[in-house]
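Chains, contacts and geometry: an overview
Listed here are the chains, written in short residue letters.
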Amino acid sequence: AKRTGTGSIVWYDSVMDGTRLQRLALERDLVEAVEAETFELVYQPQARLSDGTWTGAEALLRWHHPERGFVSPAEFIPVAEEMGVIHELGAWVLRTACRDAQAWPASAKVAVNVSPIQLVAGDLVAAVRAALEGSGLDPRRLELEITESAFVGEDKRLAGTFSELLAMGVTFALDDFGTGYSSLGYLHRFPISKIKIDRSFVADLPGSRPSEAVLRSVVALADGLGLRVIAEGVETLAQAEWLRDMGCEEVQGYLYSRPLDRLRAVQTLSAGSFD
Ligand code: C2E
Ligand code: CA
Ligand code: CA
Ligand code: CA
């Protein structure tokens with residue numbers, strides 16, 4: 001038996017391999033980190049291609065684990081979702097991002113990633129309301145990034161959640177567009193105002209016919225539905241030029257800025273535009 005940090009006892013034997021032990025340790029540390037709030041948010045600016053002005057920034061979670069060092073959100077978010085701590089963690093992200101964005105220029109939006117679990121199983125409306133009230137942030141400056149998987153098994157409750165958030169003034173962006181689920185019906189059934197093209201398509205630019213075709217049709221689709229479109233993961237000038245020629249309005253990626261800590265985000269966004 002092994003005593004864990006939270007005081008519970010975990011029994012294991014030879015059938016339990018290293019991976020499973022690692023996973024248990026990660027779960028325990030994650031619960032402790034949520035309680036102690038030892039996470040950090042960094043912000044990656046988003047820009048308008050036509051004139052280079054910053055339109056806002058996406059909040060991205062960082063966890064500096066005491067022993068393991070940096071742990072990627074791609075690794076711990078799924079664990080937090082499975083364990084249910086995503087609700088507390090997500091509420092912390094919303095509070096912190098709204099508070100930090102208050103120091104930005106009034107035209108800058110903050111985009112916050114929301115897990116489908118938060119959307120369908122928790123009280124996202126209450127968490128958003130608390131974050132907005134606690135910070136005083138104009139709700140129109142908060143954009144929630146959701147993925148297509150949130151619409152799998154859609155129900156009345158989901159529609160209710162959307163309309164309550166929409167009534168507050170919050171907006172929605174569809175993240176990782178093109179990677180999921182192929183039905184596009186939800187694009188007009190739900191109040192989405194922006195499509196975020198997944199970076200896997202951008203990474204292939206220019207020169208990959210399939211990715212170019214996907215990007216071209218997403219831009220046309222967004223145009224037809226009156227939605228804004230942003231490309232993520234833009235790393236090269238050639239990618240940016242291709243996207244601009246295609247009519248993509250907004251961009252985010254290492255070419256413009258890496259994710260920045262809170263203070264550097266204020267400085268960068270206050271400068272108004274890149275270069
Ligand atoms: P995402 O929402 O698709 O976020 C974009 C990811 O691409 C981020 O990784 C960002 O650092 C990275 N990125 C930005 N520009 C570039 C670029 O030019 N090239 C490349 N190769 N990558 C770029 P990160 O920060 O590691 O986040 C990974 C994922 O973790 C996010 O993907 C999102 O799904 C999730 N995540 C992060 N923060 C949160 C959060 O607060 N809540 C939830 N639920 N999920 C989060
Ligand atoms: Ca995102
Ligand atoms: Ca994304
Ligand atoms: Ca992604």
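I will try to describe carefully the structure that is included in this document. (Residues numbered from 1 in each chain as written. Chains lettered and ligands numbered in written order. Predicted model: local features only at pLDDT ≥ 70, side-chain atom pairs only at ≥ 80, totals over all residues. Heavy atoms only, no water.)

1. With respect to the coordination of the calcium ion (ligand 4)
To keep it simple, the criterion reads: A donor here means any N, O or S atom no more than 2.8 Å from the metal (3.2 Å for Na, K and Ca); water is not included, so a site may seem to lack partners. Labels follow the DSSP assignment, with helices taken as runs of H or I lasting at least four residues and strands as runs of E lasting at least two, numbered in each case from the N terminus.
Protein-derived coordination of the calcium ion (ligand 4) comes from Asp176 (OD) and Asp176 (OD), at a distance range of 2.8 to 3.1 Å. Metal-to-metal, the separation of the calcium ion (ligand 4) and the calcium ion (ligand 3) is 3.5 Å; Asp176 coordinates the two. Inspection of the secondary structure assignment puts Asp176 in strand S8 (residues 171-177).

2. Brief notes about the environment of Arg62
To keep it simple, the criterion reads: A 1.4 Å probe rolled over the protein chains alone gives each residue an accessible area, and that area as a share of the maximum for its type sets the label: buried under 20%, exposed over 50%, partly exposed in between. Residue contacts are defined here by distance: any two heavy atoms, one from each residue, within 4.5 Å place the two residues in contact.
Its location among the elements puts Arg62 in strand S4 (residues 54-65). Using a relative accessible area of 17% as the deciding quantity, one classes Arg62 as buried. When the C-alpha positions of Arg62 and Arg48 are compared, they lie 26 Å apart, and in sequence the two are 14 residues distant. The contacts of Arg62, once residues within four sequence positions are left out, are Phe39, Glu40, Val42, Phe70, Pro73 and Pro259.

3. Quick look at the site of ligand 1
Basically, it comes down to this: One heavy atom within 4 Å of a molecule or strand is enough for the residue carrying it to be called near that molecule or strand. Any pair of N or O atoms that falls within 3.5 Å is considered a polar contact. Within protein, one atom must be able to donate a hydrogen and the other to accept it, and sequence-neighbouring residues count only if both atoms are side-chain atoms. Method for areas: the Shrake-Rupley scheme with a 1.4 Å probe, in which residue coverage is limited to the protein chains shown. Note that Gly is not counted as nonpolar here; it falls among the polar residues with everything else outside the nonpolar set of Ala, Val, Leu, Ile, Met, Phe, Trp, Tyr, Cys and Pro and the charged set of Asp, Glu, Lys and Arg.
Lining the immediate surroundings of ligand 1 are 20 residues, of which Gln44, Arg62, Arg199, Glu235 and Tyr254 lie closest. Contact between ligand 1 and Asp176: an oxygen atom at 3.3 Å from a side-chain N or O atom of the residue. The fraction of the free accessible surface of ligand 1 (800 Å²) that becomes covered by protein chains is 82%. Only S4, helix H2 (73-83) and S8 provide two or more residues apiece to the shell around ligand 1. Residue contributions to the shell around ligand 1 peak at four residues, all from S4. Here the shell around ligand 1 is composed, by residue class, of eight nonpolar, five polar and seven charged.

4. Some details on helix H11 (residues 262-270)
This is how it is decided: This arc is taken over the directions from the axis of the helix to the C-beta atoms.
Listed in full, the buried residues belonging to H11 are Ala265, Thr268 and Leu269. In an axial view of H11, the angular spread of the buried residues amounts to 90°, which keeps them on one side of the axis. Turned more than 90 degrees away from the buried face of H11, the exposed residues are Leu263 and Gln267. As for H11, its buried residues are in contact with strand S3 (39-48) and S4. Looking at the residues trailing H11, positive phi occurs at Gly272, about 95°.

5. Re the coordination of the calcium ion (ligand 3)
Ideal geometry at a metal gives 109.5 degrees between four tetrahedral donors and either 90 or 180 degrees between six octahedral ones. Ligation of the calcium ion (ligand 3) by protein atoms is provided by Asp175 (OD), Asp176 (OD), Glu232 (OE) and Glu232 (OE), these donors lying 2.3 to 2.4 Å from the ion. Here the calcium ion (ligand 3) and the calcium ion (ligand 2) are spaced 3.9 Å apart, with Asp175 acting as a shared donor. Linking Asp175 in strand S8 with Glu232 in the loop between strand S10 (228-231) and helix H10 (237-246), this pair joins segments that are 57 residues apart in sequence. Each member of the pair, Asp175 together with Glu232, is buried.

By themselves, these observations are geometric and do not establish any function.
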